[in-house]
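Reading the structure
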Amino acid sequence: MSPPIAPVGWSRWLVPPAALAIHLSIGQAYAWSVFKPPLEDALGLSGTQSALPFQLGIVMLGLSAAFGGTLVERRGPRWAMTVALVCFSSGFLLSALGAATEQFWLIVFGYGFVGGIGLGIGYISPVSTLIKWFPDRPGMATGIAIMGFGGGALIASPWSAQMLESFGSDSSGIALAFLVHGLSYAVFMLLGVLLVRVPRPSGKERAGTDHAAAPAGPQVSARQALRTPQFWLLWVVLCMNVTAGIGILEKAAPMITDFFADTPTPVSATAAAGFVALLSAANMAGRIGWSSTSDLIGRKNIYRVYLGAGVLMYALIALVGSSSKPLFVLCALVILSFYGGGFATIPAYLKDLFGTYQVGAIHGRLLTAWSTAGVLGPLIVNWIADRQEEAGKHGAELYGTSLFIMMGLLVVGFAANELVRPVHPSHHLDAVTPEKGAPDVRRHQQSEPA
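Computed from a predicted structure; not experimentally measured.

**Here we look at the overall build of the protein**
Tallying secondary structure elements over the protein gives 21 helices and zero strands in all. Buried residues in the protein amount to 56% of all 450 residues. The long-range fraction of contacts in the protein, counting pairs at least 24 apart against all pairs at least 6 apart in sequence, stands at 84%. Accessible surface, the protein: about 17,300 Å² in total, of which carbon and sulfur atoms supply 67%.

**As for the packing of helix α8 (residues 152-167) against helix α14 (residues 269-297)**
At a closest axis distance of 7 Å, the pairing of α8 and α14 adopts a crossing angle of 165 degrees. In this view, α8 runs roughly antiparallel relative to α14, as classed from their interaxial angle. The crossing of α8 and α14 is right-handed. Across the interface between the two elements, Gly152, Ala153, Leu154, Ser157, Pro158, Ala161 and Glu165 of α8 pack against Thr270, Ala273, Val276, Ala277, Ser280, Ala281 and Met284 of α14. Class assignment for the residues of the contact of α8 with α14 results in nine nonpolar, four polar and one charged.

**Some details on the side chain of threonine 48**
Relative to the helices and strands, threonine 48 is located in helix α3 (residues 47-50). At a separation of 3.4 Å, a polar atom in the side chain of threonine 48 contacts the main-chain carbonyl oxygen of asparagine 382.

**Examining helix α2 (residues 36-43)**
Within α2 the residues assigned to the buried category are Lys36, Pro38, Leu39, Glu40 and Leu43. Following α2 by one or two positions, glycine 44 adopts a phi angle in the positive range, close to 65 degrees.

**A short note on the environment of proline 218**
Mapping proline 218 onto the fold places it in the loop between α10 (203-206) and α11 (222-225). Judged by relative accessible area, proline 218 falls into the partly exposed class, the value being 41%. For the pair proline 218 and proline 425, spaced 207 residues apart in the sequence, the C-alpha separation amounts to 7.8 Å. Look past the residues within four positions of proline 218 in its chain and what remains in contact with it is Phe354, Gly355 and His428.

**Notes on the packing of aromatic side chains**
Tallied over the entire structure, the rule returns 30 aromatic pairs. Feature note: the residues Trp32, Phe35, Phe88, Phe92, Tyr111, Trp159, Phe178 and Tyr185 constitute an aromatic cluster, connected by ring pairs. The ring of tryptophan 79 has arginine 75 lying over it, and the distance from NZ or CZ to the ring centre is 5.2 Å. When the ring centre of phenylalanine 260 is taken as origin, the NZ or CZ atom of lysine 325, which lies over that ring, is 5.6 Å away.

**Regarding the nonpolar core**
Side chains that are nonpolar tend, in soluble globular proteins, to be buried together. In terms of nonpolar packing, the biggest core is built from 121 residues, with Tyr123, Phe178, Tyr314, Phe328, Tyr339, Phe354 and Trp370 touching the most fellow members. At 14 residues, helix α16 (residues 325-354) tops the list of elements feeding residues into this core. Core analysis: the second largest hydrophobic core is formed by seven residues, Val15, Leu130, Trp133 and Phe134 among them.

**Examining the environment of glutamine 28**
With respect to the helices, strands and loops of the structure, glutamine 28 is situated in the loop between α1 (15-26) and α2. Spatially, the C-alpha atom of glutamine 28 lies 7.7 Å from that of serine 157, the residues being 129 residues apart in sequence. Those residues in contact with glutamine 28 that sit more than four places away from it in its chain are Phe35, Phe88, Phe92, Tyr111, Gly152, Ala156, His181 and Tyr185.

**Observations regarding the environment of methionine 81**
Mapped onto the fold, methionine 81 is located in helix α5 (residues 77-100). Separated by 62 residues in the primary sequence, methionine 81 and alanine 19 place their C-alpha atoms 9.1 Å from one another. Not counting chain neighbours up to four residues away, the residues in contact with methionine 81 comprise Ala18, Ile22, Ser125, Pro126, Gly192, Val193 and Val196.

**A look at unusual backbone geometry**
For residues besides glycine, phi is generally negative; the peptide bonds are generally trans as well. A positive phi is found at glutamate 102, a non-glycine position, where the angle reads about 55 degrees. You can see glutamate 102 is positioned in the loop between α5 and α6 (104-133). The class of glutamate 102 is partly exposed, set by a relative accessible area of 46%.

**Let's talk about the pattern of salt bridges**
Within the structure shown, the criterion is met by five salt bridges. Two residues, arginine 299 and aspartate 295, come together in a salt bridge whose shortest N-O distance is 2.8 Å. According to the relative accessible area criterion, arginine 299 is buried, its value standing at 15%. Among the ionic pairs, glutamate 390 bridges to arginine 387, the shortest N-O distance being 2.8 Å. Here the residue glutamate 390 and the residue arginine 387 both occupy positions in helix α18 (residues 368-390), the gap between them amounting to three residues, near one helical turn. Take arginine 387: its relative accessible area is 30%, and that puts it in the partly exposed class. The structure contains a network of salt bridges with shared partners spanning Asp295, Arg299 and Asp352.

**Quick word on the confidence of the model for the protein**
Mean pLDDT for the protein: 83, with 87% of residues reaching 70 or above. This model gives residues 203-214 a pLDDT under 50, and the stretch forms 13 contacts once residues within four places in sequence are excluded. Low pLDDT, under 50, characterises residues 434-450; the stretch is placed with 29 contacts to residues that sit more than four places away or in other chains.

**Here we look at the packing of α14 against helix α15 (residues 299-320)**
Interaxial distance between α14 and α15 falls to 7 Å at its minimum, and their mutual angle equals 130 degrees. With respect to α15, the element α14 is oriented oblique. In contact with Trp290, Ser291, Thr293, Ser294, Asp295 and Ile297 of α14, α15 contributes Arg299, Asn301, Ile302, Val305 and Tyr306. The residue inventory of the contact of α14 with α15, partitioned by class, reads five nonpolar, four polar and two charged.

Analysis parameters
- Residues numbered from 1 in each chain as written.
- Predicted model: local features only at pLDDT ≥ 70, side-chain atom pairs only at ≥ 80, totals over all residues.
- Heavy atoms only, no water.
- Helix = DSSP H or I, 4+ residues; strand = E, 2+ residues; numbered from the N terminus.
- Buried < 20%, exposed > 50% of the residue type's maximum accessible area, 1.4 Å probe, protein only.
- Contact = heavy atoms within 4.5 Å.
- Areas by Shrake-Rupley, 256 points an atom, 1.4 Å probe, with all protein chains shown as cover.
- Axes fitted to C-alpha atoms, helices over the stretch in contact; angles between N-to-C directions.
- Parallel < 35°, antiparallel > 145°, perpendicular 65-115°, else oblique.
- Left-handed = near helix turned anticlockwise from the far one by under 90°.
- Nonpolar A, V, L, I, M, F, W, Y, C, P; charged D, E, K, R; others polar.
- Polar contact = N/O pair within 3.5 Å; in protein donor to acceptor, adjacent residues only side chain to side chain.
- Phe/Tyr/Trp six-rings, centres within 6.5 Å; stacked < 30°, edge-to-face > 60°.
- Lys NZ or Arg CZ within 6 Å of the ring centre and 35° of its normal.
- Core = buried A, V, L, I, M, F, W, Y, C linked by side-chain atoms within 4.5 Å.
- Salt bridge = Lys/Arg side-chain N within 4 Å of Asp/Glu carboxyl O.
- pLDDT = per-residue confidence, 0-100.

So, in structure tokens, the structure goes:
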């Protein structure tokens, strides 16, 4: 499948809707917590078990994004979006079969493994294309796609809750909801597949950007970046920030229900789904708002905000969250805005440290931190909640220990961020391969995945 080249006169503003069709669809992953309580009741699962499809999905997202970037760039956006469509939708269809037959392993395999590959390929495919269409405004262009991924649960959360209410929350109702998801997202993602185009060779000149010029400033290759302490410090920073956010996100609906179960104003399933949608909105807004703020105050400073203020938000939830529903919701929204902002800011942080040369490949490798966090966050929250429940505790008591652990992880991330310094010149491209000049840098830059 060759990349579709835009005809003369094609408007580049038709490409962002194609990207949104993909990212709004795969962003459904952030609404997984809506399915957790029904699955636990229908299949007799623990909270830790019901998190497995989501955890594996995030693992596969990071791995497929890290190792699939070069192939995506070579085959083009339409191929990548088609692969994402097939895998993501097939994951739902396999999950529907698993729910109907009460075979949980099939849900884990379908949604987590197969669907997770669709998540990763879908995540990187429109970002690369948008950068090519908007070389004059790459931050805005990539922000559109990344914002769409963060906002997918705004649609999926209430939609999923309504389907479970209409179809029933038993295994057959869950299966039907998965089936509708798979078919509906296939149609919606197909719009993106059909609409996407790559710019004609003259598109770069029309955009007014001279891509023939060698990149300015220090440049570090992807292979060399892995040998620097800066890469691994940022890996820790991203992993800790994502772990703290994803721990709440994956458990959001049952968590708010548990926190206020013993109060005069308990939270209904519908309200819990609305809470998940609010978290998605905060996730989405943080990707635009906080990353834009980083342009003004710097990447290191904005991560100080994410990690330092994140500790304060978790402390408030742990100590007084169960006594005030507005405070609990507000703190959770701030934490999720930091979660989304961290994703949107990390490419710019990498660019500041390693330059533009192969920054896409470096970013892909750094996303393995997301895979790790996708396991750590839900595992910490769910495993501890299960153990506390077995000990006879209930309500907010189920989460106290895990909240303090999250605070500790954020402190680790804060310390790692403080240790970040400019990359030593010995790692720069001209120092490592002095025989290679600017033309070689340009050739590799144009061939690297974004």
